[in-house]
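Chain by chain, the residues run as shown.
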Amino acid sequence: TGTVLKVENSYTQSTVSVANSGTGRTYVDLRSITYTPVASGNKLYIFATAGHNSYTSHSDRAGFGIVINVDGTRYDFGNYNWYEGSSRKYPVYPPDEMIHYGGVTTGSSNMTIKMEGYAYNESVGTVTPQWYGRGLTVMEFAA
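Calculation rules
Note that residues are indexed from 1 along each chain, following the sequence as it is written. In view of the model being predicted, local features appear only for residues whose pLDDT reaches at least 70, and side-chain atom pairs are presented and counted only at 80 or more, with totals across whole chains, interfaces and linings using the full set of residues. Heavy atoms from the whole structure form the basis of all side-chain values; hydrogens and water molecules are not counted. In this scheme Phe, Tyr and Trp rings, the latter by its six-membered ring, pair at centre separations within 6.5 Å, and the angle between planes marks the pair as stacked below 30 degrees, edge-to-face above 60, and tilted otherwise. Secondary structure is summarised from DSSP: a helix means a run of H or I of at least four residues, a strand means a run of E of at least two, and numbering begins at the N terminus for each. Think of it in three bands: with a 1.4 Å probe and only protein chains considered, a residue is buried below 20% of the maximum accessible area for its type, exposed above 50%, and partly exposed in between. Lysine NZ or arginine CZ positioned within 6 Å of the ring centre and within 35 degrees of the ring normal marks a charge as sitting over the ring. The pairing criterion for strands is at least two bridges between them, as found by DSSP. Each axis is a line fitted through C-alpha atoms, and for a helix only the stretch in contact is used; angles between axes span 0 to 180 degrees, taken between their N-to-C directions.

### Let's talk about the packing of aromatic side chains
Logical step 1: Tallying each qualifying case throughout the model produces three aromatic pairs.
Logical step 2: Taken together, a centroid distance of 6.0 Å and an interplanar angle of 55 degrees make the contact between Tyr27 and Tyr118 tilted. Residue Tyr27 is located in strand E2 (residues 23-35), and its partner Tyr118 is located in strand E7 (residues 111-122); the two are separated by 91 residues in the primary sequence.
Logical step 3: On the basis of relative accessible area, Tyr27 is assigned to the partly exposed category, the value being 27%.
Logical step 4: Take Tyr118: its relative accessible area is 0%, and that puts it in the buried class.
Logical step 5: A cation sits over an aromatic face here: Arg74 above Tyr27, 3.5 Å from the ring centre.

### A look at the sheet that holds strand E3 (residues 43-52)
Logical step 1: Taken in spatial order, the four strands of this open sheet run E1-E8-E3-E6, and their pairing is antiparallel. Only two strands of the sheet have a single neighbouring strand rather than two, namely strand E1 (4-17) and strand E6 (97-105). Neighbour to neighbour, the strand axes of the sheet diverge by 15 degrees on average, direction disregarded.
Logical step 2: Pairing analysis gives seven bridges linking E3 to E6, with the strands arranged antiparallel. Across the sheet, residue Ala50 finds its bridge partner in E6, namely Glu97.

Structure below.
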């Protein structure tokens, strides 16, 4: 129990952006791994890290962030990350973001594990976050 059985990593450096001028969240895939578990019933620990590029547009009531998506289920750690109110402005080059999650149990078939970026907006202008370096790591532990 607790022994690391397998580690997979995916990394790239290229700009990905998503524009949102509507209401709610708009998602974009930042990194993806098709993961084949060693055995059913083990636990996965997932790390997602994303660096930012400059922002081409800001909204007065908007935000952005990253989430982990496992087989269509999103694991989110904040409602309005990097939310910008009417008088505050986030930096043109925000700091890197990192999230991790350890509550996924493996099944007997391949799993699609993604890091997604999102732009949140309250329909006041357009927000266009951009991500640059992006890394996704999946570790499988014996149950």
